[in-house]
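An overview of the molecular structure
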Amino acid sequence: MPSESTLNPRTKGYEFFGPPGALFVTLSVPITTYALYFSCSEATGGCPPAISTPAILDVLGDWSWWKNLWDTEATLIYLCWYAFCVVAWYILPGDWVEGVPLRTGGKKKYKINGKLTHSWRCIDLMFSVAFSTFLLALGLTSGYIWRYGIESFTFIYDKWVGFVTAALLMSLVQGIACYIASFRDGALLALGGNTGNIIYDFFIGRELNPSIGAFDVKTFNELRPGLILWVIIDISMACEQAVRRGGSITDSMILVFLFHFWYVADSLYNEPAILTTMDITTDGFGFMLSVGDLAWVPFVYSLQARYLVFRQVELGSMWTAVVVAVNLLGYYIFRSANGEKNDFRNGRNPKSLKFMTTERGTKLLISGWWGLSRHPNYMGDLIMALAWSLPTGIETPITYFYVMYFTVLLIHRQIRDDENCEKKYGKDWHKYTQLVPYRIIPYVY
Ligand code: NDP
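Residues numbered from 1 in each chain as written. Predicted model: local features only at pLDDT ≥ 70, side-chain atom pairs only at ≥ 80, totals over all residues. Heavy atoms only, no water.

Going by this rule: UniProt positions are given in the numbering used here, feature names are shortened, and annotations may be inferred rather than shown by experiment.
Per an unreviewed UniProt entry, the protein chain is named Delta(14)-sterol reductase ERG24, and its organism is Fibroporia radiculosa. Its UniProt record, at the heading Pathway (unreviewed entry), says of the protein chain: "Steroid biosynthesis; zymosterol biosynthesis; zymosterol from lanosterol: step 2/6." Annotation of the protein chain in UniProt includes, under Sequence similarities (unreviewed entry), the sentence "Belongs to the ERG4/ERG24 family."

1. Quick notes on the site of the ligand
How we decide: Think of it this way: one heavy atom of a residue within 4 Å of a molecule or strand is enough to make that residue near it. Between N or O atoms, a polar contact is any pair within 3.5 Å; within protein, one atom must be a potential hydrogen donor and the other a potential acceptor, and residues adjacent in sequence are included only when both atoms are from side chains. Methods summary: accessible areas were calculated by the Shrake-Rupley approach with a probe of 1.4 Å, and residue burial reflects only the protein chains presented. Runs of H or I in DSSP of at least four residues are treated as helices and runs of E of at least two as strands, each being numbered from the N terminus. All residues other than Ala, Val, Leu, Ile, Met, Phe, Trp, Tyr, Cys, Pro, Asp, Glu, Lys and Arg, Gly among them, are scored as polar; the first ten of these are nonpolar and the last four charged.
Taken together, 23 residues are adjacent to the ligand, and Arg345, Asp381, Arg413, Lys424 and Tyr425 come closest. The side chain of arginine 413 places a nitrogen or oxygen atom 2.5 Å from an oxygen atom of the ligand. In the environment of the ligand, an oxygen atom lies 2.6 Å from a nitrogen or oxygen atom belonging to the side chain of lysine 424. Relative to its free-state accessible area of 930 Å², the ligand is covered by the protein chains to the extent of 85%. Among the secondary structure elements, those contributing two or more residues to the shell around the ligand are helix H17 (316-345), strand S6 (363-365), helix H19 (376-389) and helix H20 (401-425). At seven residues, H20 tops the list of elements feeding residues into the shell around the ligand. The residue makeup of the shell around the ligand, split by class, is 13 nonpolar, four polar and six charged.

2. Regarding the UniProt feature "transmembrane region" (unreviewed entry) in the protein chain
The UniProt record marks residues 76-97, 118-140, 160-181, 246-265, 285-303, 315-334 and 382-406 with the feature "transmembrane region" (unreviewed entry), using the residue numbering of this structure. Segment residues 246-265 splits into 75% helix and 0% strand. End C-alpha atoms: 29 Å apart. The straight-line gap between the two end C-alpha atoms of residues 315-334 is 25 Å; of that span, 95% is helix and 0% is strand.

3. Things to note about helix H15 (residues 287-300)
An α-helical segment advances 3.6 residues per turn. Residues three or four places apart therefore align on the same side. The cut-off we apply is this: The span you would expect from a helix comes to 1.5 Å times its residue count less one. In this analysis the local bend is the angle between axes fitted, respectively, to the seven residues ending at and the seven residues starting at the residue. In this scheme, a residue with accessible area under 20% of its type's maximum is buried, one over 50% is exposed, and one in between is partly exposed, where area comes from a 1.4 Å probe on protein chains only.
Taking 1.5 Å per residue as the helical rise, H15 with its 14 residues ought to reach 20 Å, whereas the 17 Å between its terminal C-alpha atoms falls clearly short. At aspartate 293, H15 shows its largest bend, some 35 degrees. Across the 14 residues of H15, 14 count as buried, placing the element largely inside the fold.

4. As for the domain arrangement of the protein chain
Cut-off, in case you're wondering: Domain start and stop positions are those given by an automatic or database domain assignment. In what follows, a contact means two residues having at least one pair of non-hydrogen atoms within 4.5 Å. Accessible area that two parts lose when put together, with a 1.4 Å probe and added across both, is what the buried area reports. We define a salt bridge as a contact between a side-chain nitrogen of Lys or Arg and a carboxyl oxygen of Asp or Glu at a distance within 4 Å.
Parsing the protein chain into structural domains produces domain 1 (14-314) and domain 2 (316-445). The gap between the C-alpha centroids of domain 1 and domain 2 is 23 Å. Taken together, the 35 residues of domain 1 in the interface contact 29 residues of domain 2. Between domain 1 and domain 2, a total of about 2800 Å² is buried, with carbon and sulfur atoms accounting for 62% of that surface. Broken down residue by residue, the surface that domain 1 buries against domain 2 is led by Phe259, Tyr263 and Met278, which jointly contribute 24%. Here domain 1 is connected to domain 2 by five salt bridges. Across the pair arginine 335 and aspartate 266 runs a salt bridge, and its minimum N-O distance is 2.4 Å. The interface formed by domain 1 and domain 2 holds twelve residue pairs in polar contact (both at pLDDT 80 or more) in total. Listing elements by their share of the side of domain 1 that touches domain 2, those giving two or more residues are helix H2 (18-38), helix H13 (251-269), helix H14 (278-281), H15 and helix H16 (303-310). The biggest single contributor to the side of domain 1 that touches domain 2 is H13, with nine residues. Split into classes, the residues belonging to the side of domain 1 that touches domain 2 amount to 21 nonpolar, seven polar and seven charged.

5. Comments concerning the nonpolar core
This is how it is decided: Nine residue types can take part in a nonpolar core, namely buried Ala, Val, Leu, Ile, Met, Phe, Trp, Tyr and Cys, and a core is a set of them joined through side-chain atoms within 4.5 Å.
Among the nonpolar cores identified, the biggest contains 102 residues, and Tyr78, Trp81, Phe134, Met237 and Tyr301 are the most heavily contacted of them. Top contributing element to this core by residue count: helix H12 (residues 225-244), with eleven residues. For this core, the two domains that each supply at least three residues are domain 1 (14-314) and domain 2 (316-445). For methionine 237, the residues in contact, after removing those within four places along its chain, are Ile156, Tyr157, Trp160, Met253, Ala305, Arg306 and Val309. Grouped together as the second largest cluster of nonpolar side chains are seven residues, Cys421, Trp429, Tyr432 and Val436 included.

6. Focus: the side chain of glutamine 304
On the secondary structure map, glutamine 304 appears in helix H16. Looking at glutamine 304, the relative accessible area reads 1%, which means it is buried. Residues within four places of glutamine 304 in sequence aside, it is in contact with Val256, His260, Trp388, Ser389, Thr392, Thr399 and Tyr402.

Structure follows, in structure tokens:
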């Protein structure tokens, strides 16, 4: 049995500007999640609302305002939703798939039930794109709306702040619980999460794969309770808009819903691909991932749909076609770039792309999408992000928050990944960066 210091070496460097940066993000993510609601909502009078700074300070000094952030009913509904996802993970059929090798030499197994598998083969063939947890959630939602009417499913719009609080508390509880549990004997820590600084390690994630038995907390949170909830929230926003319009919804709402739906469906359909992402292979599970997965993704990414409830933009056929074209372009780049790399990392090269071989023996693509930039998939993702905001028109920059934040996130992620690759591949990485000089957007960045 290796000693603790061999198994889990002390982390020497910091990311995110160290503990002050970690504290800043820990506080600013929840604050921004609320702020995006209060700065762009009909309840507060617009997007942005016409409220002066002294008035905001008055509100913040009023205890009853703080009490209204809590909603017992919303919290109970949220807990039921989370429990539903856990039960679905447990009872629905799925394959046990191995992740990448751990530094202990072994491999962890994950239950992937994004896709229906062997025992449901006939249904699998009928719905070639079928993924069980998502389908079950959508089926139950549709059944509920069909039975009780669209008015019955507007409660997420009505209780928005209460749901945000519930999701934030869930992420805080999980972040604290995983941090405390990481001190038990034999826990495998993330190489970047063992600095000894409580604030930093709690944020960045101390334990690599916190689990309860076979239940892996990190992969579960990455794709299910937050991502699927995002689509359910969009459905609630569409219902609220439909109630206000006597049953119909705008073309802009249809576009936003379809874009988000497609993105989530695509991620779930390609669920095994998550096992090679940085989040799973490298980062521990801390508040950064718990709050991102559980609160930020569903409640920030659905901002455009919520905005369209009270600003009912009609695009017309020409603008609809333009926005669809932008989204398709982004999706094409995103999917084909990710596809090229996935194929290549799984030993296939159907397009006969050129590659270079590193001293470690690993090969790096140098043609196709991966010859144009070092992160072509990020470029596709950013183009799609723009397409999701365009349906809201140009009345306010707030609905473009997602594109702006996502640009910062992906640039930061590219820098982190390039640093990791430099450590991994040494001088081969320098050779590679000369062959592929652009980081995300060819000829621009
Ligand atoms: P990538 O999919 O770009 O993976 C980076 C890894 O790919 C590197 O560490 C390296 O690992 C390998 N690699 C790099 N260059 C090459 C090459 N030329 N040939 C072959 N392999 C190479 O990064 P992410 O995991 O960050 O992103 C995955 C997807 O998730 C992206 O499409 C991204 O846009 C999306 N994403 C979405 C987010 C959201 O909130 N919607 C957030 C973050 C990401 P190795 O060599 O070890 O295999």
